[in-house]
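The lines below spell out each chain.
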Amino acid sequence: MNKTTLLLFSTLCLAWLASGCINPKVDIPEQVAGLAPIYYDGDWRDIAAEPARPIRELFKIYYKDSILFAGESLQGIHVIDNTDPFYPQPVKFIRIPGNSDIAIKGSTLYANNLSDLVAIDISDLDNIRVLSRVENAFPGNGAPLPDGYFGFFECPEPNMGAIVGWAEKVLERPECWR
Amino acid sequence: MARTTLFLLLLTALWSCAESSNDAASISDSGTGTGGSLARFTIVGNYLYTVDNTSLHSFDISQAAEIKPRETIYVGEGVETIFPLNGFLFLGTRDGMLIYQILPGGLPQFVSNYQHVVSCDPVVANNQYAYVTLRASGCRQAGPGAADLLEIIDIRYIQDPQVVASYSMDSPFGLGLDGQTLFLCEGAGGLKVFDVANPRDIQLLHHFTNFNAIDVIPLGSLLLVIGPDRIVQLDYSNIDDIKVVSEIAIGV
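From a predicted model like this one, the values you see are computed outputs, not experimental measurements.

Some remarks on the overall build of chain B
Okay, step 1: A count of helices and strands for chain B gives one helix and 21 strands.
Okay, step 2: Counting all 252 residues of chain B, 45% fall into the buried class.
Okay, step 3: Of the contacts made within chain B by residues no fewer than 6 positions apart, 38% connect residues no fewer than 24 positions apart.

This is the structure we're talking about:
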């Protein structure tokens, strides 16, 4: 990118941000449904099981066979052994970039991986495998805010990486809207 | 020789015991799991149904190694949730609830809808009634006249859903139903537990205000409550004495 393009790009970005953020508007609510950017740096198709880690931001949960699947906003799924509900034990983290929803049949986990639909064999959590992938099953996960969207969104943070999409989220005191 | 065999058998038995107790988290290769009321994916039989903002997608998943996309139906703007029951799909949308019937081949067919003012609203249902929350508080799309409500809709005649009763709430998010017990999340306002045996006169049994509740999954006697800062598990086997079982912290 040469300097002129970079300057133009930055100006456009600023203008876009300004159009979203600096309009005086209604009171900022404590909690509101809105959109949040999906950042990803690297190959978003790369799905893998990783060691368990703390949940930073919860999205949705799913339950099967005493296992709790807790979705980390657009990052993947925390697998928690809930055989003893008094002592839930974190087991794994399944990295699925851009994920927002899952459903499980048997030992196959169906999930969106950004705009793709994937089937993942989770019968052996140490050796998960993508069984199939439907590319662009959910079109419309673009980088800009969805067309016709007017409302609150989580302010983009440039150091977070590329915005590969937007997803619904309950926002707390959001500072951006359009 | 006999003694050695016995010893080996005993050893094998002990070993298998040890192994099974170590391997507590194992997923069965049959059945489907349970999501919350804010779910956008659901599996019925050999089909995965998903909703995005405007569409209902169906996928044939009879072979996991070869998902077959079947149909994408444009259902209108603002589809938020999907809930399956007895061969029907209930879609929570910004202006109401859409009901689709799953045809024998797996494809969904529109049956009826119930409309209200634009707000945010998941839906759960049983054989007789659908329970829809309408949230205007903090709902970005809420239209003029929108209010925070729980609406109970008679769906016994599924072609023509009729509102039976409507109750004021604070800011209802997700909800869950187990028999005559309705669990209703109110975000920072906590969790409400209702006896809904009489839809025209539901009774508030409990109101938990010490945690933030966005969605719930009732599992027979265990209730998973999802909030932005923790997952709380409650034992509701005795509905008069609901106890906190454990909490999983988030964001620490």
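Let's talk about the nonpolar core
Okay, step 1: In terms of nonpolar packing, the biggest core is built from 116 residues, with Ile61, Ile102 and Tyr110 of chain A together with Leu91, Ala130, Tyr131 and Val225 of chain B touching the most fellow members.
Okay, step 2: Setting aside residues no more than four positions away along its own chain, Ile102 of chain A makes contact with Tyr62, Phe69, Gly71, Ile77, Leu109, Tyr110 and Ala111 of chain A together with Phe41 of chain B.

Examining the interface of chain A and chain B
Okay, step 1: If you look at the interface, chain A gives 49 residues, while chain B gives 51 residues.
Okay, step 2: Contributions of two or more residues to the side of chain A that touches chain B are made by strand S1 (31-40), strand S3 (58-64), strand S4 (67-72), strand S5 (76-81), strand S7 (102-105), strand S8 (108-113), strand S9 (116-121) and strand S10 (129-134) of chain A.
Okay, step 3: With six residues, S3 of chain A is the single largest residue contributor to the side of chain A that touches chain B.
Okay, step 4: Grouping the constituent residues of the side of chain A that touches chain B by class yields 30 nonpolar, 10 polar and nine charged.
Okay, step 5: In this structure, S3 of chain A lies alongside strand S1 (residues 34-35) of chain B, joined through two bridges in antiparallel fashion. In the strand pairing of S1 of chain B, Tyr62 of chain A is matched with Gly35 of chain B.

Some words on the confidence of the model for chain B
Residue and element names in this part refer to chain B.
Okay, step 1: Here chain B shows a mean pLDDT of 87. Residues at 70 or above account for 89%.
Okay, step 2: Counted against residues more than four places away or in other chains, residues 10-22, with its pLDDT under 50, gives zero contacts.
Okay, step 3: Taken together, the chains of this predicted complex give a pTM of 0.79 and an interface ipTM of 0.87.

Some details on the sheet that holds strand S19 (residues 222-226) of chain B
Residues and elements named next belong to chain B.
Okay, step 1: Pairing in this open sheet of four strands is antiparallel, and the strands run S18-S19-S20-S21 from one edge to the other. In this open sheet, the two edge strands, each paired with only one partner strand, are strand S18 (215-218) and strand S21 (243-249). Taken pair by pair, the neighbouring strands of this sheet meet at an average axis angle of 20°, ignoring direction.
Okay, step 2: In the sheet, strand S20 (residues 230-235) pairs with S21 via six bridges, with the strands oriented antiparallel. Opposite Ile231, over in S21, you have Ile248 as the bridge partner.

Section: the pairing of S5 of chain A
Residues and elements named next belong to chain A.
Okay, step 1: The element S5 is extensively covered by neighbouring structure, given that six of its six residues are classed as buried.
Okay, step 2: In this sheet, S5 lies alongside S4 in antiparallel orientation, the contact comprising six bridges. When the sheet's bridge partners are listed, Phe69 is paired in S5 with Val79.
Okay, step 3: If you look at the hairpin formed by S4 and S5, you'll find three residues sitting between the two strands, and Leu74 has a positive phi there, around 65°.
Okay, step 4: By the bridge criterion, six bridges tie S5 to strand S6 (residues 89-95) in an arrangement that is antiparallel. Within S6, the residue paired with Asp81 across the bridge is Gln89.

Points about the environment of Asp60 of chain B
Okay, step 1: With respect to the helices and strands, Asp60 of chain B occurs in strand S4 (residues 55-60).
Okay, step 2: Taking C-alpha positions, Asp60 of chain B is 9.0 Å from Tyr49 of chain B, a pair spaced 11 residues apart along the chain.

Definitions and limits used
- Residues numbered from 1 in each chain as written.
- Chains lettered and ligands numbered in written order.
- Predicted model: local features only at pLDDT ≥ 70, side-chain atom pairs only at ≥ 80, totals over all residues.
- Helix = DSSP H or I, 4+ residues; strand = E, 2+ residues; numbered from the N terminus.
- Buried ≥ 20, exposed ≤ 12 C-beta atoms within 10 Å, placed from the backbone.
- Contact = placed C-beta atoms within 7 Å.
- Core = buried A, V, L, I, M, F, W, Y, C linked by C-beta atoms within 7 Å.
- Nonpolar A, V, L, I, M, F, W, Y, C, P; charged D, E, K, R; others polar.
- Pairing = 2+ DSSP bridges.
- pLDDT = per-residue confidence, 0-100.
- Axes fitted to C-alpha atoms, helices over the stretch in contact; angles between N-to-C directions.

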